[in-house]
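# Chain and residue survey
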Amino acid sequence: MLPTRVLRAARGPKASITGFNMRAFKEAAGQPRYDPWERAEAWRYTGTFSRWNRFRGTLPGLGTATVAFAGYCVYEHFFLDDGHHHGEEQHH
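Residues numbered from 1 in each chain as written. Predicted model: local features only at pLDDT ≥ 70, side-chain atom pairs only at ≥ 80, totals over all residues. Heavy atoms only, no water.

The chain is annotated in an unreviewed UniProt entry as NADH-ubiquinone oxidoreductase B12 subunit family protein from Tolypocladium paradoxum. Word for word, the UniProt comment on the chain under Function (unreviewed entry) is "Accessory subunit of the mitochondrial membrane respiratory chain NADH dehydrogenase (Complex I), that is believed not to be involved in catalysis. Complex I functions in the transfer of electrons from NADH to the respiratory chain. The immediate electron acceptor for the enzyme is believed to be ubiquinone." Recorded in UniProt under Subcellular location (unreviewed entry), the annotation for the chain is "Mitochondrion inner membrane". (UniProt positions renumbered as here; feature names shortened; annotations may be inferred.)

### Focus on the pattern of salt bridges
Pairing between side chains of opposite charge can happen when their charged atoms approach one another. Applying the stated criterion to the full structure yields one salt bridge. Put simply, arginine 44 and glutamate 41 hold a salt bridge, and the shortest N to O gap is 2.7 Å. With a relative accessible area of 32%, glutamate 41 lands in the partly exposed category. (Salt bridge = Lys/Arg side-chain N within 4 Å of Asp/Glu carboxyl O. Buried < 20%, exposed > 50% of the residue type's maximum accessible area, 1.4 Å probe, protein only.)

### Comments concerning helix H2 (residues 22-29)
Here H2 lies mainly on the outside; zero of its eight residues are buried. You can read the cap of H2 off the contacts: a side-chain oxygen lies 3.2 Å from the backbone nitrogen of arginine 23, and it is on asparagine 21. Phi for glycine 30, located one or two positions after H2, is positive at around 65°. (Helix = DSSP H or I, 4+ residues; strand = E, 2+ residues; numbered from the N terminus. Polar contact = N/O pair within 3.5 Å; in protein donor to acceptor, adjacent residues only side chain to side chain.)

Below is the structure:
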């Protein structure tokens, strides 16, 4: 660890210029007992809009393209012959 980070950690958290403590504010606010928008927002995180479904549809053709490219690379390596042989020519 860098010496400057060690010294900062030993000093403790930096005091706010305004005196406002966000941690104390969050602790005082607590968790709301009733959220009137909870039902209205629930659809965003379920079903079609769940995190997994949103991630899954991000790159729809990537799997197919990867398999096709790998197949072409194997075909090129084993079946196509490079007729030029650059660098192996003998000058007579």
